Amino acid sequence: MEFTLLIIIIVLALIFDYINGFHDAANAIATVVATKVLSPFQAVLWAAFFNFLAYWVFGFGVADTVAKTASTMDINLVVILAGVIAAICWNLLTWWLGIPSSSSHTLIGGFAGAAIAHAGFGVVTWFKEGKDGGLPSGVLIVIAFIVLAPLLGALISYLISIWLLNSSKKSIYPKIFTLSIMAVTVWFVEKQMKYYADIEKPRFDSHFWSVAFEAHNIKWLLVAFIILSISSFCLIFSSLNIHQANSWLKKFQLLSSAAFSLGHGGNDSQKVMGIIAAAVAVYIHTSGVAQESLPEWLNVILPNEDKGISGAMPSWIPLACYSAIAAGTLSGGWKIVKTMGSKITKVSSFEGVAAETAGALTLYFTEHLKIPVSTTHTITGSIIGVGLTKRVSAVRWGVTVSLMWAWVLTIPISALLAAITYYILSIFL
């Protein structure tokens, strides 16, 4: 019975990942479709490819955070099953209504709500202090980023927009500023890099290729590539006519949407990995099966910093999760594309580049901090930030306020729905 439940949870988690893909497809492709840089079909192919490519770029930090939403020693598989079912139901409902709600917060809210119904509020990891001065974790931190992620996206997109606008003027000062940004970026990224001696399992004998293809390094090299590419454009922006500038900005939209799709894949796929990892850990605890006797394809070990235990996960889990979200993205999500691409504010190639770049950078940094944020909230905030550079009235605040209500309500409604689902399932299981 326990093993059957585990398999059902894994299948439903991958279905959720697929739904997440088409629910959140709009986040990455709305602006490139709205500005006609790509057709809708080309856009979903583009986004799906980079969703899947994220498998080789990101680690499992966010997956670990999600897996520890509730203590796996105090819950059972029915809890996780109820959480996943509730998350699927809320995701399908908001997709049907065309509301860009957060798949991430739906999953975490569902997991937490079912856990509370089973064992009370104490079972949920609300707040945990960071180790060695690191950032704290827990559900309260995730809730805080409901506000912080879109604010961060809005601030970064606003600053990028102002930077681009000033770079279009024939003045020496924006160029000096741009060169300073380039120098700081190179210095910062170099500090973040892991060199051969620091890599636990080098992929190649060659020091150069091992460093170049280390997942941690790829992420920071991408950050450098994005910022340096925009910086290079800023240096020549003032010498271009309107037609040339628009042509370059449309090319940059391909780069920025690809970067955001990478962040979307890396951030959202990991949440499903976390749920599967938690399910395996609960199965081991409730069934009495020894870790050593598990089949190789189920040999999941949750990391424990306090005990110095490194996590382990069979490669099929991340591969299946990234494949599912890429397949979901290929299915599109046109109702939400319309909301994101035109209803919040009018988007041109200029605004598209600024919004997607800001969204991508926000996702990369939050993933680095192991915080599961909403890609939906992030890109919405970024689009609002771009609109604010024109005038406050350029943002359609009526639509935006409605979206914010959906954001605030997602976790509690998902939690309530999961609790009800748990009580119903408990009667039969």
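Basis of the calculations
Sequence order as written defines residue numbering, which begins from 1 separately in each chain. Given that this is a predicted model, residues contribute local features only at a pLDDT of at least 70 and side-chain atom pairs are listed and counted only at 80 or more, while totals for whole chains, interfaces and linings are drawn from all residues. Hydrogens are left out, water is left out, and the side-chain values use all remaining heavy atoms of the structure. UniProt positions are given in the numbering used here, feature names are shortened, and annotations may be inferred rather than shown by experiment. Runs of E in the DSSP output that reach at least two residues are strands. Runs of H or I that reach at least four are helices, and both are numbered from the N terminus. The axes are straight lines fitted to the C-alpha atoms, using for helices just the contacting stretch, and the angles between their N-to-C directions are given from 0 to 180°. Throughout, the term roughly parallel applies to angles under 35 degrees, roughly antiparallel to angles over 145, roughly perpendicular to angles from 65 to 115, and oblique to all others. We call a crossing left-handed when the near helix sits turned anticlockwise from the far one by less than a right angle, and right-handed when that turn is clockwise. Residue contacts are defined here by distance: any two heavy atoms, one from each residue, within 4.5 Å place the two residues in contact. The length a helix should cover is 1.5 Å for every residue beyond the first. Here a polar contact is taken to be a pair of N or O atoms separated by no more than 3.5 Å, where protein atoms must pair a possible hydrogen donor with a possible acceptor and residues adjacent in sequence count only if both atoms sit in side chains. The nonpolar class holds Ala, Val, Leu, Ile, Met, Phe, Trp, Tyr, Cys and Pro. Asp, Glu, Lys and Arg form the charged class, and all remaining residues, Gly among them, are polar.

**What to know about the UniProt feature "transmembrane region" (unreviewed entry) in the chain**
Listed under "transmembrane region" (unreviewed entry) in the UniProt record, and renumbered for this structure, are residues 44–63, 75–96, 108–127, 139–165, 171–189, 220–242, 316–337 and 397–425. For residues 44–63, helix accounts for 65% and strand for 0%, while the C-alpha atoms at its two ends are 25 Å apart. Taken end to end, residues 171–189 is 95% helix and 0% strand, and its first and last C-alpha atoms sit 28 Å apart.

**Considering the packing of helix α4 (residues 77–97) against helix α5 (residues 103–119)**
Two numbers describe how α4 lies on α5: the axes approach to 8 Å, and their chain directions differ by 140 degrees. Viewed along their axes, α4 and α5 adopt a mutual orientation that is oblique. For the crossing formed where α4 meets α5, the hand is right-handed. Contact residues: α4 offers Val-79, Ile-80, Ala-82, Gly-83, Ala-87, Trp-90 and Asn-91, while α5 offers Ser-103, Thr-106, Leu-107, Gly-110, Phe-111, Ala-114, Ala-115 and His-118.

**What about α4?**
The first and last C-alpha atoms of α4 sit 31 Å apart over 21 residues, in line with the 30 Å expected at 1.5 Å per residue. Of the residues flanking the start of α4, the one acting as N-cap is Asn-76, its side-chain oxygen 3.2 Å from the backbone nitrogen of Val-78. Just downstream of α4, Gly-98 is the residue with a positive phi angle, here 75 degrees.

**A closer look at the packing of helix α6 (residues 139–167) against helix α14 (residues 375–388)**
Between α6 and α14, whose axes approach to 7 Å, the crossing angle comes to 40 degrees. On the basis of their axis angle, the class for α6 and α14 is oblique. As for how α6 packs across α14, the hand of that crossing is right-handed. In this structure, α6 contributes Ile-146, Ala-149, Pro-150, Gly-153, Ala-154, Ser-157, Tyr-158 and Ser-161 to the contact, and α14 contributes His-377, Thr-378, Gly-381, Ser-382, Gly-385, Val-386 and Leu-388. When its residues are assigned to classes, the contact of α6 with α14 shows seven nonpolar, eight polar and no charged.

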